[in-house]
Amino acid sequence: MTDLRIIKGQEMKKNIIHASIDILSKDGIEAISSQKIADKLNTSKSNIFHHFKSIENILDEVFDTILSYMIDPIIGHNFTSLENLINFIGNGIYNLNDEGRKLYVITFQLYT
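Residues numbered from 1 in each chain as written. Predicted model: local features only at pLDDT ≥ 70, side-chain atom pairs only at ≥ 80, totals over all residues. Heavy atoms only, no water.

Trainee: Would you take a moment to explain a negative patch on the surface for this structure?
Mentor: On the surface, Glu56, Asp60, Glu61 and Asp64 cluster together into a patch of negative charge. Looking at the element boundaries, Glu56 is found in helix α4 (residues 55–71). What makes Glu56 exposed here is its relative accessible area of 52%. (Patch = residues over 30% accessible without salt bridge, like charges linked within 9 Å, V, L, I, M, F, W, Y side chains within 5 Å. Areas by Shrake-Rupley, 256 points an atom, 1.4 Å probe, with all protein chains shown as cover. Salt bridge = Lys/Arg side-chain N within 4 Å of Asp/Glu carboxyl O. Lys, Arg positive; Asp, Glu negative; His and termini not counted. Charge placed at Lys NZ, Arg CZ, Asp CG, Glu CD. Helix = DSSP H or I, 4+ residues; strand = E, 2+ residues; numbered from the N terminus. Buried < 20%, exposed > 50% of the residue type's maximum accessible area, 1.4 Å probe, protein only.)

The structure is reproduced here in structure tokens:
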């Protein structure tokens, strides 16, 4: 039997990551704070820190989420040339949905 507290905790961690992604994509990395995340989720800062030790830990999870989003579609393809890989990536970027755009915006913000 699965403990509902574990399921709710996992859901809250996902919600924190997605709220952070929304904040980062709209306002940039300078704007991220535990208070903004808590306000967006209508919860307390202590609840945020119950699931993550620090904002840096949240950003690490956000970065891992972004990398997975970008790399997972590429895994399993056997590209015959660098050109095929670049075309695949370019088409993927061109056809991004709103969530994908958010992740790419955050990626560029993290690197600048």
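Trainee: Looking at this structure, I do not really get the environment of Leu82. What am I missing?
Mentor: Mapped onto the elements of the fold, Leu82 is located in helix α5 (residues 82–94). In this structure Leu82 comes out as exposed when scored by relative accessible area, which is 58%. Sequence spacing of Leu82 and Lys26 is 56 residues, and the spatial spacing of their C-alpha atoms is 33 Å.

Trainee: When you look at the layout of surface pockets in this model, what are you seeing that I'm missing?
Mentor: Space left empty within the atom packing is revealed by a probe, the size of a water molecule, rolled over the atoms. Here the largest pocket is characterised by a volume of approximately 220 Å³. Lining of the largest pocket is provided by Tyr69, Met70, Ile71, Pro73, Ile74, Phe88, Ile89, Gly92, Ile93, Leu96 and Tyr104. Broken down by secondary-structure element, the contributors of at least two residues to the lining of the largest pocket are α4 and α5. Across the lining of the largest pocket, the residue classes break down as ten nonpolar, one polar and no charged. (1 Å grid on protein atoms, 1.4 Å probe; cavity = no way out; pocket = protein on both sides within 12 Å on 5 of 7 lines; lining within 4 Å. Points joined across faces, edges and corners; volume = space filled by probe spheres on them. Nonpolar A, V, L, I, M, F, W, Y, C, P; charged D, E, K, R; others polar.)

Trainee: For this particular structure, what's the right way to read unusual backbone geometry?
Mentor: Trans peptide bonds make up most of the peptide bonds, and negative phi angles are found at most residues other than glycine. One non-glycine residue, Asn42, adopts positive backbone phi at about 55 degrees. Among the structural elements, Asn42 can be located in the loop between α2 (34–41) and α3 (45–51). Using a relative accessible area of 74% as the deciding quantity, one classes Asn42 as exposed.

Trainee: Help me out: how do you make sense of the packing of aromatic side chains in this one?
Mentor: Aromatic rings considered in pairs are described by the distance between their centres and by the relative angle of their planes. Scanning the model with the defined rule gives one aromatic pair in all. Geometry around Phe52 places Lys13 over its ring, the cationic atom sitting 5.1 Å from the centre. (Phe/Tyr/Trp six-rings, centres within 6.5 Å; stacked < 30°, edge-to-face > 60°. Lys NZ or Arg CZ within 6 Å of the ring centre and 35° of its normal.)

Trainee: How should the side chain of Ser20 be read in this particular structure?
Mentor: Mapped onto the elements, Ser20 comes out in helix α1 (residues 4–27). On the accessibility criterion, Ser20 (0% relative accessible area) is buried.

Trainee: Would you mind going over the nonpolar core with me for this structure?
Mentor: One broad trend across soluble globular proteins is that nonpolar side chains are buried collectively. Ranked by size, the top nonpolar core spans 22 residues in total, and within it Ile16, Ile37, Ile58 and Val62 carry the most contacts. At the level of elements, α1, α2, α4 and α6 (98–111) are the ones that each hand at least two residues to this core. (Core = buried A, V, L, I, M, F, W, Y, C linked by side-chain atoms within 4.5 Å.)

Trainee: What is the right way to look at the packing of α1 against α4 in this model?
Mentor: For any two helices packed against each other, one specifies the inter-axial angle together with the distance between the axes. The N-to-C vectors of α1 and α4 enclose an angle of 85 degrees; their axes lie 10 Å apart at closest approach. With respect to each other, α1 and α4 are oriented roughly perpendicular. Where α1 approaches α4, its residues Ile16, Ile17, Ser20, Ile21 and Leu24 are matched on the opposing element by Ile58, Leu59, Glu61, Val62 and Thr65. Taken together, the residues of the contact of α1 with α4 break down into seven nonpolar, two polar and one charged. (Axes fitted to C-alpha atoms, helices over the stretch in contact; angles between N-to-C directions. Parallel < 35°, antiparallel > 145°, perpendicular 65-115°, else oblique. Contact = heavy atoms within 4.5 Å.)

Trainee: Please explain the confidence of the model for the chain as it appears in this structure.
Mentor: Keep in mind that low pLDDT regions are not for reading the predicted coordinates in detail. On average, residues of the chain score 87 in pLDDT, and 96% of them are at 70 or above. Put simply, α6 is where the chain has its lowest mean pLDDT, 77, and α2 is where it has its highest, 96. (pLDDT = per-residue confidence, 0-100.)

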